[in-house]
Amino acid sequence: MAFVIPAPSPPSVAVLGTSDRFPIRRIFCVGRNYAAHAEEMGHNGREAPFFFCKPADSVVDDGAVIPYPPDTHDLHHEVELVIALKSGGAAIPAERARGHIWGAAVGVDLTRRDRQAEAKAKGRPWAFGKAFDRSAPIGPLRLLEPSMALGAGRIALSVNGTVRQEADLAEMIWAAPDIIAQLSRSIALAPGDLIMTGTPAGVGPLSVGDHVACAVAGVGDLTFSVGPKFQRAPSA
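Residues numbered from 1 in each chain as written. Predicted model: local features only at pLDDT ≥ 70, side-chain atom pairs only at ≥ 80, totals over all residues. Heavy atoms only, no water.

Okay, the overall build of the chain next. In terms of helices and strands, the chain carries four helices and 18 strands. Over its C-alpha trace the chain gives a radius of gyration of 17 Å, about what one expects of a compact globule, namely 18 Å for 236 residues. Principal-axis analysis of the C-alpha atoms gives the chain an extent of 55 × 50 × 40 Å. Taking all 236 residues of the chain together, 47% fall into the buried category. For the chain, contacts bridging at least 24 residues in sequence account for 75% of all contacts bridging at least 6. Split by element, the accessible area of the chain, about 11,200 Å² in all, is 55% carbon and sulfur. Separation of charge centres in the chain, based on 23 positive and 24 negative side chains, amounts to 5 Å. (Helix = DSSP H or I, 4+ residues; strand = E, 2+ residues; numbered from the N terminus. Rg over C-alpha atoms; globule rule 2.2 N^0.38 Å. Buried < 20%, exposed > 50% of the residue type's maximum accessible area, 1.4 Å probe, protein only. Contact = heavy atoms within 4.5 Å. Areas by Shrake-Rupley, 256 points an atom, 1.4 Å probe, with all protein chains shown as cover. Lys, Arg positive; Asp, Glu negative; His and termini not counted. Charge placed at Lys NZ, Arg CZ, Asp CG, Glu CD.)

Right under this line is the structure:
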């Protein structure tokens, strides 16, 4: 097959303990999946999960320096459990969902909160608040083992050594198998899909120079720093 322009490199995420990479097809994100976070964002109650997407090439590896993004003055962190699928399908039963998971990692859904708030107020999509360049730092994927618990365990994020987000995966309104089942009712899932499963309470702003450290017990760790503000190239 010949392409009329050079084909971009396929997006991927690191795999723990190896130089291999996991290819990324799509990134789905779950909104308001912890009750305490829903409350801090002005919502309450248990609701059916809803989804939004990030570009596959928005993933950034562990240890990166991420430039403060353009078009925002209110960049927020949201730590999440990330699951990676090795197989897919439509209408996957929740009791079979674990068999479709290749591995898991810790990630952060970086959010331009001011852009998201503007979109909400106008009833518009959240794309500019969520789906921007380098908006998905994700640590190395750990291959799923029978003993790995994805429904319980500490999830936490600190900024400059101060803990801001801390919860247990058991606090998720919808566990990973339920998320897969719900999502696959609307979209046929496929190998290479990543799902970011929602964030606990404590989301907050990041500034230039901040160092972020995240962890999900039994899954992995992630660190990154916020660099100087992104500068657009001058016009030719």
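When you tally the buried positions in helix H4 (residues 176-184), you get seven out of nine residues, the bulk of the element. Of the surrounding secondary structure, the elements contacted by the buried residues of H4 are strand E3 (27-31), strand E4 (50-54), strand E8 (79-85), strand E9 (101-108) and strand E15 (194-196).

Looking at where Ala 48 falls in the secondary structure, it is placed in the loop between helix H1 (35-40) and E4. Taking the C-alpha atoms as reference points, Ala 48 and Gln 182, 134 residues apart in sequence, are found 8.5 Å from one another.

Now for the packing of aromatic side chains. Under the counting rule described, the total for this entry stands at three aromatic pairs. Ring centres of Phe 22 and Trp 102 lie 5.5 Å apart, and the angle between their planes is 45 degrees; on these two criteria the pair is classed as tilted. Remark: Trp 102 occurs in strand E9 and Phe 22 occurs in strand E2 (residues 21-23); sequence separation between them is 80 residues. By relative accessible area, which is 23% here, Trp 102 ends up partly exposed. With centroids separated by 5.8 Å and ring planes inclined at 90 degrees, the aromatic side chains of Phe 50 and Trp 126 adopt a geometry described as edge-to-face. Taken as a pair, Phe 50 in strand E4 and Trp 126 in the loop between helix H2 (113-122) and helix H3 (127-130) lie far apart in primary sequence, 76 residues in all. (Phe/Tyr/Trp six-rings, centres within 6.5 Å; stacked < 30°, edge-to-face > 60°.)

So, on to the sheet that holds strand E17 (residues 211-216). Overall, mixed pairing links the five strands, which are arranged E6-E18-E17-E13-E14 in an open sheet. Two strands bound the open sheet, and with one partner strand each, they are strand E6 (64-68) and strand E14 (162-168). Looking at each pair of strands side by side, their axes are set apart by 20 degrees on average, direction ignored. Pairing analysis gives five bridges linking strand E13 (residues 154-159) to E17, with the strands arranged antiparallel. Bridge assignment links Ile 155 to a residue of E17, and that residue is Val 216. (Pairing = 2+ DSSP bridges. Axes fitted to C-alpha atoms, helices over the stretch in contact; angles between N-to-C directions.)

The next point concerns the sheet that holds strand E10 (residues 111-112). A sheet is described by the order of its strands in space; here three strands give the open sequence E10-E7-E16, paired in antiparallel fashion. Each of the sheet's edge strands pairs with one partner strand only, and the pair in question is E10 and strand E16 (204-205). Direction of pairing for strand E7 (residues 75-77) relative to E16: antiparallel, over a ladder of two bridges. For His 76, the partnering residue across the bridge sits in E16 and is Pro 205.

Let us now look at the pairing of E17. Side chains Val 212, Cys 214 and Val 216 project from E17 onto a buried face, and the interleaved His 211, Ala 213 and Ala 215 project onto a face without burial. Strand direction decides the pairing type here: E17 and strand E18 (residues 220-229), joined by six bridges, are antiparallel. Counted as the bridge partner of Ala 213 is Thr 223 from E18. Counted along the chain from E17 to the antiparallel partner E18, the turn is three residues long, and its residue Gly 218 has a positive phi close to 75 degrees.

Moving on, we come to the nonpolar core. For soluble globular proteins, nonpolar side chains are generally found buried alongside one another. Counting 45 residues, the largest nonpolar core has Leu 81, Ile 83, Leu 150, Ile 180, Ile 195 and Phe 224 as the members making the most contacts within it. Listed by contribution, the elements that provide at least two residues to this core are E3, E6, E8, E9, E13, H4, E17 and E18. Those residues within four positions of Leu 150 in sequence are excluded, and the remaining contacts are Leu 81, Ile 83, Arg 98, Ile 101, Ala 104, Leu 144, Leu 169, Met 172 and Val 219. Among the nonpolar cores identified, the runner-up in size contains 17 residues, and Val 15, Ile 138, Leu 141 and Leu 194 belong to it. (Core = buried A, V, L, I, M, F, W, Y, C linked by side-chain atoms within 4.5 Å.)

In this section: unusual backbone geometry. The phi torsion at Asp 71 lies on the positive side, around 65 degrees, for a residue other than glycine. Mapped onto the secondary structure, Asp 71 falls in the loop between E6 and E7. With relative accessibility at 38%, the residue Asp 71 sits in the partly exposed group. In this structure, Arg 134 takes a positive phi of about 60 degrees despite not being glycine. Relative to the helices and strands, Arg 134 resides in the loop between H3 and strand E11 (136-137). Taking relative accessible area as the criterion, Arg 134 reaches 29% and is therefore assigned partly exposed.

Note that every value here comes from positions in space, so none of it alone points to a role or purpose.
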